[in-house]
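Examining the three-dimensional arrangement
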Amino acid sequence: MSYRFDVLTLFPALFDGLRHESLIGKALESQTITLELHNWRAFATDRHSTVDDAPFGGGAGLVIKPDPLVHCLRAVVPAGARTILLSPSGRRFEQKLAQEWAQLPGITLICGRYEGFDHRVEAHVDDVVSIGDFVLNGGEVAAMAIIEAVARLLPGVIGNAASLTEESFADGLLEYPQYTRPRDFEGQTVPDVLLSGNHAEIAKWRLAQRIARTRAMRPDLLKA
Ligand SMILES: C[S@@+](CC[C@H](N)C(=O)[O-])C[C@H]1O[C@@H](n2cnc3c(N)ncnc32)[C@H](O)[C@@H]1O
């Protein structure tokens, strides 16, 4: 059975590149995953297909109306699927969550635009998630980031499954520094140990590098 991604978006064409290129394109082609895009403008009932309106209480911009969006959600989401609203004020999306969601049959991601959603939409979803402490114009780029992070953990999406266990965050540490040819790039040389052929020494060096790099770049991970 394919892993199922459903995305609710007012701008489905933004997903064109993701659908056709690289590993996600291949995973779709082999039906390891499916990706269904739903534009909830089709669920607006007035003649202008209105999906947003001015905020009660005043303020800048427009807010996404709850009715067309929730009607769309009810119509398209498979029974029992996990529904996730994308919002800068959600809980932080991290590798652990990607690992958890990769165990499900699928997820539904809801992309906001404008000033975001009418608050009442939150009562109709399972989770509210942010991809970081910054504000995007819309949820589509966040949805694509989550689709990539989850899809690459599914069996058959990445050619070499071993690369998943050695990656950053797999065990709470960042990855060790990697090198390839040439051995000397403008005076920057590859560490001798990597050319030694001594696999025990290489493994020791890599672990020491992972700890040092995590301490320097992300001390919060070591504390955790
Ligand atoms: C311009 S933003 C709305 C920002 C909102 N007024 C606020 O201050 O939190 C429009 C939409 O982009 C998406 N978005 C923006 N930043 C995001 C982030 N860091 N993580 C997830 N989604 C994000 C959300 O779906 C949001 O509803």
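See the structure shown above.
A brief structural summary. The model shown is predicted, which means the values in this text are computed figures rather than measured ones.

Criteria and thresholds
- Residues numbered from 1 in each chain as written.
- Predicted model: local features only at pLDDT ≥ 70, side-chain atom pairs only at ≥ 80, totals over all residues.
- Core = buried A, V, L, I, M, F, W, Y, C linked by C-beta atoms within 7 Å.
- Buried ≥ 20, exposed ≤ 12 C-beta atoms within 10 Å, placed from the backbone.
- Helix = DSSP H or I, 4+ residues; strand = E, 2+ residues; numbered from the N terminus.
- Contact = placed C-beta atoms within 7 Å.
- Pairing = 2+ DSSP bridges.

**Brief notes about the nonpolar core**
If you look at the biggest cluster of nonpolar residues, it comprises 39 residues, and the most contacted ones within it are V7, L8, I84, L86, L109, I110 and A143. Within the residue set of this core, elements represented by two or more residues are β1 (3–8), α2 (22–29), β2 (33–38), α3 (66–76), β5 (82–92), β6 (106–110) and α5 (140–151). In terms of residues, this core owes the most to one element, α5, which gives 6 residues. The residues contacting V7, other than those within four sequence positions of it, are F15, L35, L37, H38, L109, C111 and A143.

**Observations concerning the pairing of β1**
Taken across its 6 residues, β1 has 5 buried, putting it largely inside the fold. Pairing of β1 with β2, which is carried by 6 bridges, proceeds in the parallel orientation. Its bridge partner being in β2, V7 is matched across the sheet by L37. As defined by bridge partners, β1 adjoins β6 across 5 bridges and the pair is classed as parallel. Bridge assignment links R4 to a residue of β6, and that residue is G106.

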